[in-house]
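Per-entry structural report
One letter stands for each residue in the lines below.
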Amino acid sequence: MQVTMTVNGDEVTREIEGRLLLVHFLRDHLGLTGTHWGCDTSNCGTCVVLMDGEPVKSCTVLAAMAGGHEIRTVEGLAAGGELDPVQQGFMNCHGLQCGFCTPGMMMTARALLDRNPDPTEHEIREAISGQICRCTGYATIVRSIRWAASEQAGIRTELTPDPPSAPLEPVTAGSAS
Amino acid sequence: MQVPAPFEYERATSVEGAIGLLERLGDSAKIVAGGHSLLPMMKLRLANFEYLVDINDLHGELGYITLEPDQVRIGAMTRHRELAESSDLARVFPIFGDAERVIADPVVRNRGTLGGSLCQADPSEDLSAVCTTLNASCVIRGSDGERVVSMEEFHRGPYETAVGAAEMLIEVRFPVRPGGGSAYFKVERRAGDWAVVSAGAAVWMDGDGTIADARVGLAAVGPNTTGLPAVSEALRGQHPSEELYARAGELAAQGCHPVTDQRGSADYKRHLADELTRRALRRAVQRAAGVSGTEGS
């Protein structure tokens, strides 16, 4: 059968078997190996891609089911040579160790920030709760996503492991108000 | 590498079209909605079909939560995420919020549907227990029209339902009665797993503070999610109390049929059926009284 979908903004058409899973379509038919293939049972979340903006586990979606939809993979995060704030966050805050879970984590982070630009730590942990980091580096992943949220909001964040608890602007008497 | 056996993929674009496809293809075809239970079974070759009929395009037609004065109607293609995020539903049936928080994980909940959950008919499935608790009925459509069946009639055994080969579940209806409160408790081995045991409870209170009616639904302790008429009988007309919850828990433990498996021993599951029934009833009564119990047990 033939399937047509949009992947990272480009329309692609391929001849496939009905049983082909989206993760293998992306990796083997399109060569987009940034999407990783892990547990094959929709538990680990390393295969997460965005389908019409929502994170889905591509090991449990048929490529045929994605026909007519918009797929975004980790290769589609950076735009015009500029890293996405989520990618910058993972780089700056040491959000990856071995890197295996990273593409899925970043795609979920992107979708979270698109819906909720200022998530709490709890909301971030909830959003990535279907994904496993085999290095157990969750604390830095959460910090990376918070960094990306601040970056997007135009707030430059200090890159210290434990930011000061009350980084308030000094209040000046008689300021314009 | 886990891959399903070969099949032909068909896509339905309307309910009528889906039923037409099923009539033509017969029992060699299976409907796929979110696919997060069916595709894993197909990968393990526990389920094999010649045709898969994808109904995700019917989300526009069958994805809805409609509140009416005496019932809530939910379309079969309504996704877990939509059930979890509906404030209307949370107000009328807070049990949905409790259950949705412990079903798989947020990414899976983006795909899974109410109809798919019920049609999968896994004895450990959470929304089946919710529907049993709330005394839901299922609207099944075929080319001859619609029929409405109770949850007891809908589930015929593990992975078996009343839906015929050329029919589909299109809607689930939940009766709304005054003075209601509901809650759901689940014990799982790890976050997002199938239940070791879970219990849902719904109560409807009279003006004088007695329980007009109550229902308890259990998952993972029998061939299908289990409603417990003996518990309802024991609760009706009574004032809520710890002693009453204990009696209901005892009846729930006696009335279920757990088996020992890798998730726990039958004795442990009976213990959970007892304890979770108590907790769910306690929370449901608090909520019926307007106490927003969401913390602790």
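Residues numbered from 1 in each chain as written. Chains lettered and ligands numbered in written order. Predicted model: local features only at pLDDT ≥ 70, side-chain atom pairs only at ≥ 80, totals over all residues.

**Section: the overall build of chain B**
Of regular secondary structure, chain B possesses 13 helices and 14 strands. In summary, chain B has a C-alpha radius of gyration of 19 Å against a globular reference of 19 Å for 297 residues, a match within 12%. For chain B, restricting intrachain contacts to residue pairs at least 6 apart in sequence, the fraction spanning at least 24 positions comes to 64%. (Helix = DSSP H or I, 4+ residues; strand = E, 2+ residues; numbered from the N terminus. Rg over C-alpha atoms; globule rule 2.2 N^0.38 Å. Contact = placed C-beta atoms within 7 Å.)

**With respect to the nonpolar core**
All names here are of chain B. Formed by 137 residues in total, the largest nonpolar core has its most connected members in Val197, Val203, Leu218 and Ala252. Sorting elements by how many residues they give to this core places strand 12 (residues 195-205) first, with nine residues. If near-sequence neighbours (up to four positions away) are discounted, Val197 is found in contact with Val187, Leu218, Ala220, Val221, Lys269, Leu272, Ala273 and Leu276. (Core = buried A, V, L, I, M, F, W, Y, C linked by C-beta atoms within 7 Å. Buried ≥ 20, exposed ≤ 12 C-beta atoms within 10 Å, placed from the backbone.)

**Structural notes on the interface of chain B and chain A**
Counting residues at the interface gives 23 residues for chain B and 23 residues for chain A. Listing elements by their share of the side of chain B that touches chain A, those giving two or more residues are strand 1 (8-11), helix 2 (38-43), strand 3 (51-54) and helix 7 (106-109) of chain B. Of the residues contributing to the side of chain B that touches chain A, the split by class is twelve nonpolar, six polar and five charged. (Nonpolar A, V, L, I, M, F, W, Y, C, P; charged D, E, K, R; others polar.)

**Thoughts on the domain arrangement of chain B**
According to the domain assignment, chain B consists of domain 1 (8-57), domain 2 (58-175) and domain 3 (180-288). Using C-alpha coordinates to define each centre, domain 1 of chain B is positioned 34 Å away from domain 3 of chain B. (Domains from an automatic or database assignment.)

**Remarks on the pairing of strand 11 (residues 180-188) of chain B**
All names here are of chain B. Burial analysis of strand 11 places eight of its nine residues in the buried class, which makes it a mostly covered element. As judged from the nine bridges shared by strand 11 and strand 12, these two strands associate in the antiparallel manner. Within the sheet, the bridge partner assigned to Lys186 lies in strand 12 and is Ser198. Once strand 11 ends, the chain turns through six residues before running back antiparallel as strand 12, passing Gly192 with a positive phi of about 85 degrees. (Pairing = 2+ DSSP bridges.)

**Some details on helix 9 (residues 126-133) of chain B**
All names here are of chain B. Most of helix 9 is tucked away, with eight of its eight residues classed as buried. Within helix 9, the full set of buried residues consists of Asp126, Leu127, Ser128, Ala129, Val130, Cys131, Thr132 and Thr133. Remark: Asn135 follows helix 9 within two positions and exhibits a positive phi of approximately 60 degrees.

**A look at helix 2 (residues 85-92) of chain A**
Structural remark: α-helix, 3.6 residues per turn; residues separated by three or four positions point the same way. Residues and elements named next belong to chain A. For helix 2, the full list of buried residues reads Pro85, Val86, Gln87, Gly89 and Phe90. Elements that come into contact with the buried residues of helix 2 comprise helix 3 (102-115) and helix 5 (138-152). Two residues or fewer past helix 2, His94 is found with a positive phi of approximately 60 degrees.

**What about the environment of B:Val172?**
Residues and elements named next belong to chain B. For Val172, the position within the fold is in strand 10 (residues 168-175). Given 25 C-beta atoms within 10 Å, Val172 falls into the buried group. Counting along the chain gives 104 residues from Val172 to Leu276, while the straight-line C-alpha distance between them is 25 Å.

**Observations concerning the domain arrangement of chain A**
By convention, interface size is frequently given as the accessible area that disappears when the constituent parts associate. Residues and elements named next belong to chain A. Per the domain assignment, the segments making up chain A are domain 1 (2-76) and domain 2 (85-152). Each of domain 1 and domain 2 was reduced to a C-alpha centroid, and the two centroids are 21 Å apart. Listed as interface residues are 14 residues of domain 1 and, on the opposing side, 13 residues of domain 2. Going through the elements one at a time, strand 3 (48-51) and strand 4 (54-57) are the ones with two or more residues in the side of domain 1 that touches domain 2. The element best represented in the side of domain 1 that touches domain 2 is strand 3, accounting for three residues.

**Quick look at the pairing of strand 12 of chain B**
Residues and elements named next belong to chain B. The element strand 12 is extensively covered by neighbouring structure, given that eleven of its eleven residues are classed as buried. One ladder, built from eight bridges, connects strand 12 with strand 13 (residues 211-219); its direction is antiparallel. The partner of Ala202 across the bridge, within strand 13, is Arg215. Adjacent in sequence and paired antiparallel, strand 12 and strand 13 are bridged by five residues, among which Gly209 carries a positive phi angle near 85 degrees.

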